[in-house]
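# Commentary on secondary and tertiary structure
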Amino acid sequence: QISLKHGSHRSGKRTDATMQRWREYGLGQFIHWGIYSIPGGGWDGKTYGGAAEWIRSWSGKDAPNDWRKTYDNLYKQFNPVDFNANKWAEQAKNMGAKYVIFTTKHHDGFCMWPSKYTEYTIANTPYKKDIVKEVVDAYNKVGIDVYLYFSVMDWSHQGWRYDIKSPEDSIAFESFKKFTRNQLLELLTSYPSAKGLWFDGTWDKSWVKQAEFADELETEMRTLRPGLIIGSRFRADDFGKRHVDSNGVMMGDYEQGWERNLPNSIEDVHGHDWDCVMTIPDNQWGYNSHWKGYVKTPYNLIEMLVKSVSLSGNFVINFGPDGKGNIRQEETSIAKEIGDWMKTNNEAIYGCSHADMKKQDWGYFTQKGRKLYLTVFNRPINNCLNVEISEKGVKPTKAYFLANKLPVAIQDAGKNKQNNNLYNIVIPAKYISDKPFVIVLELEESQTNEKAYQQART
Ligand SMILES: COc1ccc([C@H]2[C@H](O)[C@H](O)[C@H](C)N2C)cc1
C-alpha cells in the first residue's frame, strides 16, 4: 500500500441513487459537434486521413497547407442554420438513449457556450446563441440526462503546454490552470441540471503533473454539485498514474478507459462501473464528410450494447453532426434501427447488469432480480440454448419470448463432470427472426436467500 495524497478517495462502487441511475442507463449518445464539423475532415475539395475533430492539429499530407490561421478563423462563419436541438433529442429518445455526452469544448478550445473567460466562443459567431444550453434543455425535456464533455487540453489557450520544462512554462501553465478551473465552475453553475463531466485531453505530462491541483479542483466541483459524476480520466495521482492510482484503485466514479474498445470478460471490469464510447465508422468522432473503412451496422452496435450491459457497463454511441447542424443520414438510419430493436427489447437493457452465468456462444446474459435475459445473436442449429445455472440448486421456473411472452420449453440437460444444473432452452423451429431476439428465463429464489429468509423467520 503506497501512501498517496492524491490517489483515489473511494474504493468500490458508489452506492448513492444518482450513481445507481447512471448504472441503469445502458445506452447513451455521444455528440461531437464544434468548429471541426465545418471542414469535416476535408478542405478545398480535398479530404484528409486523420480524425476529423483533430484536423487543426494535423499537418503535411493530413491537412491543408498553412492551415492553422484558416482553421482559427472558421468560427467567424459558424452558423448552423439547420440545428434543432429538439429534433436531436427526439431522435435520441427514439433510439432509446438514457443519457447524452455533449462536447462543450474539444481540444481546439472552441467553446459551444458563451464562456466569459475567452473570446473563442459561440457568442462571437454568426450563430451567437448558447448551444450547450439548447442541448441541455432539449434533452432534459425528453427525459435524457446530460453530461458535459470537456477537454482539458486546449490548443487555443496561450497558457497550454504539453509539458512543464521551464519557469516560463510553469508561469504560463498556472494561468492555464486558473482558466480551466474558471471554465469548469462556469459550466457547473450555468448548467445545473448536467449530471456529470466527461473529461478528455488529460494525458499530457503538463496536466499529469497537477495531481494536487486536479484533486482539489475535483473536490471543489463535487462540493459545488453534490452527486456530480466524474470518470477516471480527469486526474492523475501523486505518481502520474491515470485511471487507476498507484495502489490499483480506480480514480473517479467509473472507468473511462474503454474508448472504441470493450472488456471481454467480467474479470476485465475489475468490479468497476464503466462506459464504452464507440464511433460508428473507424476512428472519427467529429463529422467527417468521407467516412473511410468499415462503418458499423446497427447490429454490430446492438451486440456491443448487449455485451456492455452483460458486463455491467454502459454503451455510448457517437454522433457527429455537420457544420450546419444536420445529423447525417447514416447515423439517422442507425438510430432508427437501434430504436426499433430497443422498443421491443429494452427490458433486457435498462437496469440490467452482469449475470453470474457461464458465457455461451449463442449470445449474452443480462440480469435484473430473478429474471435472466438471454439475447440471442448466434442461433444454434439445434435451436437449444445451453444455460448452466451457477447458483447451486437454483432451478429455472419458466422461459418465454420477451417480445410476445410466448412460452418456450426448458429441458433438463443433465449433468456431467464439467457442469451441472444444465438446461436447454428450446426455441421453436418455426420461430423465424432476422434480428437478435430475447428469451426471458425466470429463476427460483436463490437457496441462500431462501435459507437466510427461513432462518430469519425463526
Ligand atoms: C491519441 O488518441 C486519441 C486521443 C484523443 C481522442 C479523443 C477523440 O477526439 C474523441 O473526443 C475521443 C472521445 N477522445 C478520446 C481519441 C484518440
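Residue numbering note: each chain is counted from 1, following its sequence as written. At least 70 in pLDDT is required for a residue's local features to be given in this predicted model, at least 80 for side-chain atom pairs to be given and counted, and no such filter applies to totals for whole chains, interfaces and linings, which use all residues. Side-chain descriptors were evaluated using all non-hydrogen atoms of the structure, hydrogens and water having been removed beforehand.

### Concerning the site of the ligand
Near the ligand you find His32, Glu53, Trp54, His106, His107, Tyr149, Trp198, Asp200, Trp203, Arg233, Glu259 and Trp285, and these make up its full shell. For the purposes of these results, a polar contact is taken to be a pair of N or O atoms within 3.5 Å, where, inside protein, one atom must be able to donate a hydrogen and its partner to accept one; residues adjacent in sequence count only when each atom of the pair is a side-chain atom. The contact in question runs from an oxygen atom of the ligand to an N or O atom on the side chain of His32, over 2.7 Å. Residue Asp200 places a side-chain N or O atom 2.7 Å away from a nitrogen atom belonging to the ligand. Computed with a 1.4 Å probe, the accessible areas rest on the Shrake-Rupley method; for each residue, only the protein chains presented here act as cover. When the ligand sits alone it has 400 Å² of accessible area, and the protein chains cover 79% of it. Classifying every residue of the shell around the ligand by side-chain character gives 5 nonpolar, 3 polar and 4 charged. Near is defined per residue: the residue qualifies when any heavy atom it owns lies within 4 Å of the molecule or strand. Just so you know the grouping, Ala, Val, Leu, Ile, Met, Phe, Trp, Tyr, Cys and Pro go in nonpolar, Asp, Glu, Lys and Arg go in charged, and all remaining residues, Gly too, go in polar.

### A look at the pattern of salt bridges
Every case where a carboxyl oxygen of Asp or Glu lies within 4 Å of a side-chain nitrogen of Lys or Arg is listed as a salt bridge. Under the defined criterion, the tally for this structure stands at 28 salt bridges. Across the pair Asp72 and Arg56 runs a salt bridge, and its minimum N-O distance is 2.7 Å. You can see Asp72 sitting in helix 2 (residues 67–72) and its partner Arg56 sitting in the loop between strand 3 (46–47) and helix 2, a full 16 residues away along the chain. Throughout, exposure labels follow a simple rule: accessible area from a 1.4 Å probe, protein chains only, divided by the maximum for the residue type, with under 20% read as buried, over 50% as exposed, and the rest as partly exposed. Among the residues examined, Asp72 registers a relative accessible area of 26% and is labelled partly exposed. Relative accessible area serves as the criterion here: at 11%, Arg56 is assigned to the buried category. For Glu220, the salt bridge goes to Arg181, with nearest N and O atoms at 2.6 Å. In this pair, Glu220 sits in helix 7 (residues 211–224) while Arg181 sits in helix 5 (residues 167–190), placing the two residues 39 residues apart along the sequence. Residue class for Glu220 comes out partly exposed when judged on its relative accessible area of 27%. We count a stretch as a helix when DSSP gives it H or I for four or more residues in a row; a strand needs E for two or more, and each element gets its number in order from the N terminus.

### Considering the sheet that holds strand 15 (residues 409–412)
Strand order in the open sheet made by the 3 strands is 13-16-15, with antiparallel pairing throughout. Looking at strand neighbours, the two that pair on one side only are strand 13 (384–388) and strand 15, the edges of this open sheet. Taking each pair of neighbouring strands and ignoring which way they run, the sheet shows an average axis angle of 30 degrees. We treat two strands as partners when DSSP finds at least two bridges between them. Relative to strand 16 (residues 422–426), strand 13 is paired through 5 bridges, and the arrangement is antiparallel. Bridge pairing links Val387 to Tyr423 in strand 16. Axis lines are fitted to C-alpha atoms, over the contacting stretch for helices. Their N-to-C directions set the angle, which ranges from 0 to 180 degrees.

### What to know about the packing of helix 5 against helix 7
Closest axis-to-axis distance for the helix 5/helix 7 pair is 11 Å, and the angle between their directions is 15 degrees. Accordingly, the angle class assigned to the pair helix 5 and helix 7 is roughly parallel. Every pair of crossing elements has a handedness; the one defined by helix 5 and helix 7 is right-handed. Of the residues in helix 7, those touching helix 5 at Lys177, Arg181, Leu184, Leu185, Leu188 and Thr189 are Phe213, Leu217, Glu220, Met221 and Leu224. Classifying every residue of the contact of helix 5 with helix 7 by side-chain character gives 7 nonpolar, 1 polar and 3 charged. Our angle categories are set so that under 35 degrees counts as roughly parallel, over 145 as roughly antiparallel, 65 to 115 as roughly perpendicular, and the remainder as oblique. Crossing handedness: left-handed means the near helix sits turned counterclockwise from the far one by under a right angle, and right-handed means the same turn made clockwise. Should any heavy atoms of two residues lie within 4.5 Å, those residues are counted as being in contact.

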